[in-house]
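# Secondary and tertiary structure notes
Read off the chains here:
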Amino acid sequence: MFSNYLIGLREGLEASLVVCILIAYLVKTGRRDALRPIWTGIGVAVALALGFGCALEFGSQELTFKAQEALGGSLSVIAVGLVTWMVFWMRRTARHLKSELHGKLDAALQMGTGALVATAFLAVGREGLETSLFVWTSVHAAGDGTPRPLIGAALGILTAIALGWLFYRGALRINLSKFFTWTGGMLVVVAAGVLAYGFHDLQEADWLPGLNDKAFDISDTIAPDSWYGTLLKGVFNFQPDPTVLQVTVWLLYLVPTLALFLAPVGFASGKGKVKAPDEQGSRPSKAPQA
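These lines cover the structure that appears in this document, whether it is placed above or below. Quantities reported herein were computed from a predicted structural model and do not represent experimental measurements.

Scanning the protein chain for helices and strands turns up nine helices and zero strands. Tracing the protein chain from N to C terminus, the helices and strands come up as α-α-α-α-α-α-α-α-α. Across the 290 residues that make up the protein chain, the buried fraction comes to 47%. Nonlocal contacts in the protein chain, meaning residues at least 24 apart in sequence, comprise 80% of its contacts between residues at least 6 apart. As presented, the protein chain carries roughly 14,000 Å² of accessible surface, and 67% of it is formed by carbon and sulfur atoms.

Next up, the structure:
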């Protein structure tokens, strides 16, 4: 549940910040007439993300066991790739996000309503599709048959929406550089577990060998159905009897990716507080410095 809460919070907050910047810019520049196309694009993006998630869930139920495992494993690898790209991209570009969105919005305003809808759709749609894919693969990996993973993701998204509203109203300040660094690091850990489980799915689908070649088995010490076993699986996708391939993939992904992500060289690491703009256009002038 926690890992999915983190996914919903991280992805949802990125989308909330994008919406906050778009809406605040239109209000500040007196273009409230353009708000409806923006909200239309956001609505279409949300509907597409929900539809994509439903298609994954209900479409996979019609497949055979091996086909389900092959689909789940393949999508897990794709999801980890997207999330890894996202956390690195966000850390590099967070301090330039506002100016980038303003530039796109100015161009869209000159082109008309359709361009405004497309701008909002593209800005939010990517986050929505990434969230749907990563949550689905995480739920698939959890495989406990309970709604807790979905509840966790929903709570994370609701928290992100509330934070976005507070940013917009100017009621909350947060060090976005540190926030995205810490949540990005935790997402890398979660992604490592999803990737390892995805390779296990591919082994069960007979796409990869070594299903019975166990690295270790501590099921007697950490029972999968115990509260701590459930907690470890829910947060880290921990498995007490992983295959050698799973452990190898987990280490090869986690160690270099986390080290590269946390390395200070080339990344923004300032101490400035960032506050979302409100309707009066107030915004701290101090931003994270490289």
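Continuing now.
When its volume is computed, the largest pocket comes out at roughly 1,100 Å³. Lining the largest pocket we find 34 residues, and of these Val 46, Leu 50, Thr 131, Ile 157 and Ile 161 sit closest to its centre. With 10 residues, helix α2 (residues 35-60) is the largest single contributor of residues to the lining of the largest pocket. Residue classes in the lining of the largest pocket are distributed as 23 nonpolar, eight polar and three charged.

Think of an α-helix as 3.6 residues a turn; residues three or four steps apart then line up on the same face. An ideal rise of 1.5 Å per residue puts 38 Å on 26 residues; α2 measures up with 38 Å between its terminal C-alpha atoms. All of the buried residues in α2 are Leu 35, Pro 37, Ile 38, Gly 41, Ile 42, Ala 45, Ala 49, Leu 56 and Ser 60.

Okay, the environment of Leu 26 next. Assignment of secondary structure puts Leu 26 in helix α1 (residues 2-28). When its relative accessible area of 0% is taken as the criterion, Leu 26 is described as buried. Along the backbone, Leu 26 and His 102 are 76 residues apart, and their C-alpha atoms lie at a distance of 9.4 Å. Among residues more than four places away in sequence, those in contact with Leu 26 are Arg 31, Arg 32, Ala 34, Leu 35, Ile 38, Leu 105 and Leu 109.

For the rest of this paragraph, the subject is the packing of aromatic side chains. Tallied over the full model, the rule gives one aromatic pair. Taken together, a centroid distance of 5.4 Å and an interplanar angle of 90° make the contact between Phe 88 and Phe 261 edge-to-face. Note that Phe 88 is positioned in helix α3 (residues 65-93) and Phe 261 in helix α9 (residues 244-262), a separation of 173 residues in sequence.

Tracing the chain through its elements places His 200 in helix α7 (residues 176-204). Classification of His 200 by relative accessible area gives buried; the value is 7%. With residues near it in sequence (within four places) discarded, His 200 still touches Leu 211, Gln 239, Thr 243 and Gln 246.

Quick look at helix α6 (residues 148-169) now. Over its 22 residues, α6 extends 32 Å from the first C-alpha to the last, a length consistent with the 32 Å expected when each residue adds 1.5 Å. Every buried residue belonging to α6 is among Pro 149, Gly 152, Ala 153, Gly 156, Ala 160, Gly 164, Phe 167 and Tyr 168, and all of these are buried. Axial view of α6: buried residues confined to an arc of 145°, hence all on one face. In α6, those exposed residues whose orientation departs by more than 90 degrees from the buried face are Leu 158 and Trp 165.

The subject of this paragraph is the environment of Gly 114. Residue position: Gly 114 is located in helix α5 (residues 113-142). Since its relative accessible area comes to 53%, Gly 114 is described here as exposed. Taking the C-alpha atoms as reference, Gly 114 lies 9.7 Å from Ile 38; in sequence the two are 76 residues apart.

Moving on, we come to the pattern of salt bridges. The final tally for this structure, using the stated rule, is two salt bridges. A salt bridge links Lys 66 to Asp 206; the shortest N-O distance between them is 2.4 Å. Placement of Lys 66 in helix α3 and of Asp 206 in the loop between α7 and α8 (227-236) is noted, with a sequence separation of 140 residues between them.

This part covers a nonpolar patch on the surface. On the surface, Ile 151, Leu 155, Ile 157, Leu 158 and Ile 161 cluster together into a nonpolar patch covering about 430 Å² of accessible area. Structurally, Ile 157 can be placed in helix α6.

We now examine the side chain of Glu 69. Relative to the assigned elements, Glu 69 resides in helix α3. Dropping the residues within four chain positions of it, Glu 69 is found in contact with His 140, Asp 201, Leu 202, Glu 204 and Ala 205.

Criteria and cut-off values
- Residues numbered from 1 in each chain as written.
- Predicted model: local features only at pLDDT ≥ 70, side-chain atom pairs only at ≥ 80, totals over all residues.
- Heavy atoms only, no water.
- Helix = DSSP H or I, 4+ residues; strand = E, 2+ residues; numbered from the N terminus.
- Buried < 20%, exposed > 50% of the residue type's maximum accessible area, 1.4 Å probe, protein only.
- Contact = heavy atoms within 4.5 Å.
- Areas by Shrake-Rupley, 256 points an atom, 1.4 Å probe, with all protein chains shown as cover.
- 1 Å grid on protein atoms, 1.4 Å probe; cavity = no way out; pocket = protein on both sides within 12 Å on 5 of 7 lines; lining within 4 Å.
- Points joined across faces, edges and corners; volume = space filled by probe spheres on them.
- Nonpolar A, V, L, I, M, F, W, Y, C, P; charged D, E, K, R; others polar.
- Expected span 1.5 Å × (residues − 1).
- Phe/Tyr/Trp six-rings, centres within 6.5 Å; stacked < 30°, edge-to-face > 60°.
- Arc of directions from axis to C-beta.
- Salt bridge = Lys/Arg side-chain N within 4 Å of Asp/Glu carboxyl O.
- Patch = residues over 30% accessible without salt bridge, like charges linked within 9 Å, V, L, I, M, F, W, Y side chains within 5 Å.

Structural measurements only, silent on function.
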